[in-house]
Every structure is written in C-alpha cells, then in structure tokens.
Amino acid sequence: MISIRHISKQFPSVTALDDVSLEIGEKEFFGLLGPNGAGKTTLMNLLVGYLSPEKGSITIGDQEVTRENLDIRNTIGFVPQSLALYDELSARANLEMFGKLFNLPHKLLSERINERLNAVGLYERRNDNVKTFSGGMKRRLNIIASLLHDPGVLLCDEPTVGVDPQSRNAIFDFLESLNAQGKTIIYTTHYMEEAERLCSRIAIIDHGKIIASGTSDELIDMLPYEETIIVAKNDSTMEHKAVLREFGTVIENDDHLLLKPGTGFALSKFFTRVEQEGMKYRWFELHRPTLEELFLHLTGRRLRD
Amino acid sequence: MSFQRILALLAKEFGQLFKDKKLLPLVFVAPVMQLVFLGYAASFDVKNISVVLCDQDKTEASRSLIEKFTNSGYFTIEYATDDYGSIQNYIDDNKVEMALVIPPKFGDDLAAKTPAKVQVLFDGSEGNTAAIGLAYVNQIIVQYSTKILVQDLGGRPLGGINAEVRAWYNPDLKSRNFMVPAVLVMILLITTMNLTSMAVVKEKEIGTLEQLMVTPIRPVELILGKLIPFVMIGFANATVVLLVMVFGFGIPIKGSVLLLFFLSLIFLLTTLGLGLFVSTISKTQQQAMMVGQFFILQPMMYLSGFAFPIDNMPVVLQIGSIAVPMRHFLIIVRSIVLKGIGLGPLLFPTAALLIMGVSILAASVVRFHKKLD
Ligand SMILES: Nc1ncnc2c1ncn2[C@@H]1O[C@H](COP(=O)(O)OP(=O)(O)OP(=O)(O)O)[C@@H](O)[C@H]1O
Ligand SMILES: [Mg+2]
C-alpha cells in the first residue's frame, strides 16, 4: 500500500537517507527502529510530503507523495516528534482548528472531536487550556489532533517521548485499537520494547540506511544464535569463565555475565559441562535475544547510549 | 482557496491574541502612550526663550521691534543691559538662552532706508533651542520689515500680496501637529511588522507551523490566515491613534478619512511583507524583535523624515530615502491630516508605496514559501 522506492535525502551537512526502499502493506503496524539521527523523522517528513527527496519516489495507494500533492494529505495523519499544540488555547479549540484545515463539516467535526477526546480520556478536560496539561495529556491530544480527518494512514514519530508509563500504555492501547480498526500505522522509536510490542513488522534504520527488516522473529533469526544465556556473577562462574568461553562470547556486565553462543552450540552439551564443573543450573537463565542485540550485532553500537 | 481554512486560522490567531494578557494591552495601550510621549514630551516646540536685551538705540523703532518679540509668546525678556560687554556673562552663566542686541543706529538706519541690523546671540550648546529660536527670530524680523515696507507705501496693504510670513498648515509652528500624524505611521509599522514576524516565528518555535504544513492547507491560505489578523489589528490601532489625535490633541483630519485608511492598507502591504521577511531570517521571537528593531525600524525612522527633516540630510541619503516606504506614507498622512489634500497630488508617493509594497510582500511570500522546505 505504501511504497518507498530508492529514496535519498541530503541535508547540507549529512545524508539523512541513503537509498531507502520499503513496502508497507495495508493495515500493517510497521515499526521504524533506529538510534538518534538515523533518519526516522526525515523519512516521516518525506512520507507526508513535507520534504521532497533528491532521489526516489513514494506512493501511498495509487497516489504519488509530493510537496504539491495536497490532496493526499487528507488520507494521512501525522503525529510529530515534538508537540505541536497551541498552549494558550483549549484542547477543543486546538482540535477545531486542525479539523477545519481538513474542511470537515461543522457537525461531523464536532462529533469526532468528542469521540476522540473520549477515546483518549481527555473529554473532561476539553475546555481547559493546553498549558495546564501534563506531558502525557498533551501527547494524547497531539495524537488525536492528527486523526480528526479519519486518515487511513497514521504516521507516529516517537509519540511516547516524555510520557509517563501510564500515559504510554494508554497510547499503546489506543494505537492498537486504531490498527485493529484497519488503519495502517508507521511508528518510529528507538525503544526496541515498543517496536516489539506494537509492530507486526520492523525495519531497523541506521545512518540513513535500512540495515534489516522483517517481523520481530525474522529479525531475531538473523542473529547467528537462538538464545543468549545470562549467567549469575559469582566466584564460581568468574573462575570458570574460560570454560564458558568454549561455548561462545562472554560479555561481562555489572551484575551478570552474558554468554552469546558460538557456532555448533548445543544446550545439552553445555549443561553437561556446567554440571561437571560443579556450577549450579540456577545460575543460568535462557534468554531470547532482543532487537537490541541484533542492532549491536549489526552495527557494533547500542540503540541508545 | 478555502475560506473555512482561512477562517480557522483567523479564529486561532485571535483566540491566541485575546488570551495573551500581555499582548493585548501592548497593542492598544502602547500606541496611546507613544502618542502622548511623542506628542507632548518630545515636542520640539520651544517656548519662553529667556532673553537679555541690550537696546543701544532706544528709539520708537527699537521699542516697536522689542514689542514684537515680547508679544510673540516665544520670548521672555528677563534682563536688560546697556553694557554690550556683559552679554557674554548672561549667556555663560545660563541666565538666559538668547541675547537681543539693537545697535545705536537702528532707528536712523530704518528712517534712512538703509539696511538696519539687529544682533541675536544664542547659547549654541542648546542646539535645538537655538535653531528653533532662530526660526522664530527670522519670522518676527520678516514680519516687522514687511510692516515697515507696507508703511512706506503709504499704509496701504499691497494688493493681493500676502506678505505676512507664516508657516502654512501648522500656523503656530507646533511640532506636535507635525509629530502626531507621524506617530500613526510609526505605530502602524511597529505593530504590524513586529506582530507578524513574531506570530510566524512563534509557530516555528513551538512546531505548529510544521504541523500546519502537513495538512492540505495551501501556502496562500496559510499566509492570508497569518496576515489578515494583523491588517485588522493595524486598522484598530490606526483608529485608536486617530481618535486620540482628533479628540485628545485637537488635531482635526482635514482630508478624507476613507482615503487615509485606504492608503494605510497599501502601506500595510509593506509592513506585513517586512514582517514576513523578518520571520524567514529569524529562529526565535527575540531575534525577530531585534532584527525588526535594528535593521528596519531604526533606519526607517532616521531616513524617512520622521526624526530628521529630509532636506537636512546629505544628498546621498536624500536620494536613498526615496526607497524608504515610510517616507512616502509620512508624506501621505501629513498631507491628508494637516493639509486636507486628495489623492491627486499624492499620486507619486502612493504609486511608490504601492510598488514597494507589492514587491516587498511578493518577495517575502516567495521566500517564506521556500523556507518552509
Ligand atoms: N532540516 C535539517 N537540516 C539539516 N540537517 C538535518 C535536518 N533535519 C535532519 N537533519 C539531519 O539528518 C539526520 C537525520 O535526522 P532525523 O531527524 O531524521 O533523525 P531521527 O532518526 O529522527 O533522530 P531522532 O531519534 O533523534 O529523532 C541527522 O543527522 C540530522 O542532523
Ligand atoms: Mg526524529
């Protein structure tokens, strides 16, 4: 439904996107995972036609996205990374303003505003100035401000930055319900937990390039090992580090050791050996690798420093 | 073009404006204060210049001249002396601002129809007073000479020639009459330019401009939605200033109010264009204020004839001032308010203003549009 083909975007000092291609299907909840400066926001700005690329093209449905194509914006909702609200105005006034820009009839707009305010638990506060809202409330308001025209595609650029855990969960639930109703969602984040929880498919982006994409499981399968083993840090395990190394790479963390199995690793052999060396089973914990580890594996860096 | 979208922006802009507790007084109280400051306090009128008189002639002619001075209302004779040498002390000790010396032969010279001389000494350190005082002195002397001339012709006034010198349109030479209409021009410039640039930059700062740009809004709608509120505020401003001018200062508008408002609209093309331009080169509201203040407002005030008469400027600046829109609007406002002149004689300044307004606004709109990228 959304086709991104060989997109490159150059800023005076950096190449923000370098030959990016992605296909996103209808009703997909698609995640764009990448560290700061990876090019996520730039890609979102291109998707909505706020920026134009040097190379490549983007189509949504059967329409090409360009800066001049204002019509296509009726089908896209855009939740910006930084809040875009008028603090001095009430929640309602903000929504009315944004809604009217989509030329919605008065009655319909009014109904939608009430319905969306209810959906994110802000109806009671509708007449209060946005100034008096918490960070989480502003976020929720910002999200529904981009949904008044009932777009089929929703672009969310890190919509949980600066949000308390409670609001964060409310936002997740709300987005999931929108997706269930049939909206295609593209969601950027640098939290792999968010991407794993929400997204049916994920692309990992770094330095303007897509370095991997697929479902969460497909991505994990790209790692040369299927599980990592968390090893309790104590005198015995520290003594036996050399033994552990026979099975893969050992990374020493503050409170535990992490064993990344090497090629030919077999759990049965591992545990037999552990027993022989007099180490206890309960010091070992099998752990499914995370996208964080994939990112580390692919780039040698962490998602967040 | 969608009026609903423009209306939505207008509603938002006014909503913000009326909720802003600081801005509204600034928009409507500040002009009145400016008017009062500039109209009263900074008035260039000089009254009651203190004078030491040294009448060495003591004839009827000299007394008659002295009477002219005292009756004018501008001069007060504080001291009189026969000792020419002591005059210096009066001025040096700041006892007086001016000395009037009538030499011994004054009456005789007048009678003999040879040029008679009087000497006027000013304390030059008070440049402004000196200059204005000198103008008054000249005025009085010319009146006096004319009278003598008329008397010489047998007391008959010269047919058809009004030899009496007076400052036209501002008969009392009141600088206030000159200043107050100019304040209107300045206030229009300040409020519309600054409010426009700051309102646009504010949206950049809080990120809403970007959010507006991802809706189907057309650039022209966005720009109209941004400019129309400030046209309206500019007009409200102008109305307040004109009311204060007419009823507070007693300066009537001699010409057509409608024409004044219509030409103001043309002037607003410039100020709004400049505001928009400033917004494209500023990242913060503070920057916008500074840029507007130092790169536009002050040069305009100095070059437009607002603060200094254009005739007194070096020729290069006189020519340069033709490119200053405020200069033309000043001429227009002063002409309509003080002289009651119609559009006909004002065609040149009007055309100049229109051309500059349209080009500045167009260039700014293009730049604004590009900058949105
Ligand atoms: N308007 C711009 N002008 C110049 N450079 C820009 C501009 N916008 C982004 N960049 C640069 O492009 C690169 C990608 O930026 P982008 O905002 O897309 O990253 P991001 O993945 O959204 O990062 P974050 O997680 O911090 O939001 C960065 O190096 C950034 O400095
Ligand atoms: Mg970003």
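Keep in mind the model is a prediction, meaning the values are calculated, not measured.

Before going further, it helps to spend a moment on the sheet that holds strand S1 (residues 2-10) of chain A. All names here are of chain A. A sheet is described by the order of its strands in space; here four strands give the open sequence S2-S1-S4-S5, paired in antiparallel fashion. The outermost strands of the open sheet, each flanked by one partner alone, are strand S2 (15-24) and strand S5 (63-64). As paired elements, S1 and strand S4 (residues 55-60) share five bridges and run antiparallel to each other. Paired with Ser3 across the bridge in S4 is Thr59.

Moving on, we get to the domain arrangement of chain B. Entries for chain B in the domain assignment read domain 1 (3-43 + 174-372) and domain 2 (49-152). For domain 1 of chain B and domain 2 of chain B, the distance between their C-alpha centroids amounts to 46 Å.

Residue and element names in this part refer to chain A. Where burial is concerned, most of helix H4 (residues 135-145) is hidden: ten out of the eleven residues are buried. Turning to H4, its buried residues are Gly136, Met137, Lys138, Arg139, Arg140, Leu141, Asn142, Ile143, Ile144 and Ala145. For H4, the secondary structure elements touched by its buried residues are strand S6 (76-79), helix H2 (91-100), helix H3 (106-119) and helix H5 (165-180).

Further remarks concern the domain arrangement of chain A. Split into domains, chain A comes out as domain 1 (2-220) and domain 2 (228-288). Taking only C-alpha atoms, the centre of domain 1 of chain A and the centre of domain 2 of chain A are 42 Å apart.

Another point: the coordination of the magnesium ion (ligand 2). Within the first shell, the magnesium ion (ligand 2) binds the protein through Thr41(A) (OG1) and Gln81(A) (OE1), at distances of 1.8 to 2.0 Å. Of the two residues, Thr41(A) is situated in helix H1 (residues 40-47) and Gln81(A) in the loop between S6 and H2; the sequence distance between them amounts to 40 residues.

Below, the discussion takes up the pairing of strand S1 (residues 49-55) of chain B. Residues and elements named next belong to chain B. Of all seven residues that make up S1, seven are buried, and the element is covered over most of its length. Of the two faces of S1, the one lined by Ile49, Val51, Leu53 and Asp55 and the one lined by Ser50, Val52 and Cys54 are each fully buried. Where S1 meets strand S2 (residues 75-80), five bridges bridge the pair, whose relative direction is parallel. For Val51, the partnering residue across the bridge sits in S2 and is Ile77. Each parallel crossover has a hand, and the one from S1 via helix H3 (residues 60-72) to S2 is right-handed.

The backbone phi angle of Asp150(A) is positive, close to 55 degrees, even though this residue is not glycine. Checked against the element boundaries, Asp150(A) lands in the loop between H4 and strand S7 (153-157). Its identity as a non-glycine residue notwithstanding, Lys58(B) has a phi of 55 degrees, on the positive side. The exposure class assigned to Lys58(B) is partly exposed, which follows from its relative accessible area of 48%.

Okay, the pattern of salt bridges next. All told, the structure shown has 27 salt bridges over all chains when counted by the stated rule. We note a salt bridge from Asp173(A) to Arg197(A), for which the minimum N-O separation is 3.1 Å. Pair noted here: Asp173(A) is in helix H5 and Arg197(A) is in helix H6 (residues 192-198), with a separation of 24 residues, a long-range link. The class for Arg197(A) is partly exposed, based on a relative accessible area of 38%. Between Glu13(B) and Lys226(B) there is a salt bridge; the shortest N-O distance is 2.8 Å. Residue Glu13(B) is found in helix H1 (residues 3-19), and its partner Lys226(B) is found in helix H9 (residues 219-248); the two are separated by 213 residues along the sequence. An identical accessibility class is assigned to Glu13(B) and Lys226(B); each is buried. Among the charged side chains, a salt-bridge network with shared partners connects Lys12(B), Glu13(B), Glu203(B) and Lys226(B).

About the cut-offs
- Residues numbered from 1 in each chain as written.
- Chains lettered and ligands numbered in written order.
- Predicted model: local features only at pLDDT ≥ 70, side-chain atom pairs only at ≥ 80, totals over all residues.
- Heavy atoms only, no water.
- Pairing = 2+ DSSP bridges.
- Helix = DSSP H or I, 4+ residues; strand = E, 2+ residues; numbered from the N terminus.
- Domains from an automatic or database assignment.
- Buried < 20%, exposed > 50% of the residue type's maximum accessible area, 1.4 Å probe, protein only.
- Contact = heavy atoms within 4.5 Å.
- Donors = N, O, S within 2.8 Å, 3.2 Å for Na, K, Ca; no water.
- Right-handed = clockwise from strand over helix to strand, strands pointing away.
- Salt bridge = Lys/Arg side-chain N within 4 Å of Asp/Glu carboxyl O.

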